[in-house]
Amino acid sequence: MGRTSVRLAEGLFMRVLGIDPGLTRCGWGVVDGRPGARPAAVGVGVVRTSAELDLELRLLELHTSVTALLREHRPDVVAIERVFTQNNKGTATGTAQAAGVAALAAAQADRPVAWYTPSEVKAAISGSGRADKEQVTLMVTRVLGLATPPKPADAADALALAVCHVWRGPAQQRLRVAALAGGIGAPVRSTTLPRWTGVSR
């Protein structure tokens, strides 16, 4: 089990980078905390890409930005919203692509990724899996003790993802460790992935 897995299992302090994936606006938020204690916001913002650019260039811009965030904030874990079926198939596709790029950047930085559905995040931050965006923003502002609500909603959602993992991630990890100790599930295998060095010309 790697360093981050041990820290999560023991419920120690962690830094989480939350990513609310989107191709036009990708929210991000960094939170420090531990279970049972009030978390603290470290940084929040939105990565934007222009719809006028070709898809591959938009994905490259997003990858470059997430990689820069990983290098700057050095999170223990990256929490990403799990894409689910939406009425707008075009929006769902773009969200899935953005989520994949964020996960790729995390893997290249050798950081574990935790996936959460919108309802899981809403339930963790507000107590209701059906909370609307205004309620999520309000609760994020209160929980983190922010002077002003984070805007746009993508940024607030990213902070909510990070808080969700601070509160729920360690418990989930302990259950997984206990299950593995009892012979349930596949063994954990630690793998170090090669770093991205770019394409040789």
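Heads up: the structure comes first, above all this text.
Values in this document were obtained by computation on a predicted structure and should not be read as measured data. (Residues numbered from 1 in each chain as written. Predicted model: local features only at pLDDT ≥ 70, side-chain atom pairs only at ≥ 80, totals over all residues. Heavy atoms only, no water.)

Some thoughts on the overall build of the protein
Counted only if it meets this: Note on conventions: DSSP H or I runs of at least 4 residues are helices, E runs of at least 2 residues are strands, and numbering of each starts at the N terminus. Three exposure classes are used, based on accessible area relative to the maximum for each residue type with a 1.4 Å probe and protein chains only: buried under 20%, partly exposed in between, and exposed over 50%. For this analysis, residues touch if any pair of their heavy atoms sits within 4.5 Å. With residues, only the protein chains shown are counted as cover, and all accessible areas are computed by Shrake-Rupley using a 1.4 Å probe.
Assigned secondary structure in the protein consists of six helices and five strands. Going residue by residue from the N terminus, the α and β elements of the protein occur as α-β-β-β-α-β-α-β-α-α-α. The burial tally for the protein puts 42% of its 201 residues in the buried class. Contacts in the protein between residues at least 24 apart in sequence constitute 62% of all its contacts with a sequence separation of at least 6. Split by element, the accessible area of the protein, about 10,900 Å² in all, is 54% carbon and sulfur.

Focus on the nonpolar core
Formally: Buried Ala, Val, Leu, Ile, Met, Phe, Trp, Tyr and Cys residues that are joined via side-chain atoms within 4.5 Å together make up what is termed a nonpolar core.
In this structure, Val 31, Tyr 116 and Val 140 are the most contacted members of the largest nonpolar core, which totals 22 residues. For this core, the element with the most residues is helix α6 (residues 153–181), which contributes seven residues. Not counting the four nearest positions on each side in its chain, Val 31 is found in contact with Met 14, Arg 15, Val 16, Pro 39, Ala 40, Ala 41, Val 42, Leu 144, Leu 159, Ala 162, Val 163 and Val 166. Counting residues in each nonpolar core, the second largest holds 21 residues, with Val 66, Leu 70, Ile 80 and Ala 102 among its members.

What to know about helix α5 (residues 133–144)
In plain terms, the rule: Take the number of residues in a helix, subtract one, and multiply by 1.5 Å to get its expected span. Polar contact is the term for a pair of N or O atoms within 3.5 Å; when the atoms are in protein, one must be able to donate a hydrogen and the other to accept it, and sequence-neighboring residues count only if both atoms are side-chain atoms.
Taking 1.5 Å per residue, 12 residues should reach 16 Å; α5 reaches 16 Å between its end C-alpha atoms and fits that length. Inspection of α5 places Val 136, Thr 137, Val 140, Thr 141, Val 143 and Leu 144 among the buried residues, and these make up the whole buried set. The opening residue of α5 is Asp 132, an N-cap whose side-chain oxygen sits 3.2 Å from the backbone nitrogen of Glu 134.

Quick look at unusual backbone geometry
Looking along the chain, the bond that leaves Lys 151 and enters Pro 152 is cis, with omega of -5 degrees. Assignment of secondary structure puts Pro 152 in the loop between α5 and α6. Its identity as a non-glycine residue notwithstanding, Asp 110 has a phi of 60 degrees, on the positive side. Within the fold, Asp 110 resides in the loop between α3 (89–108) and β5 (113–116). Take Asp 110: its relative accessible area is 28%, and that puts it in the partly exposed class.

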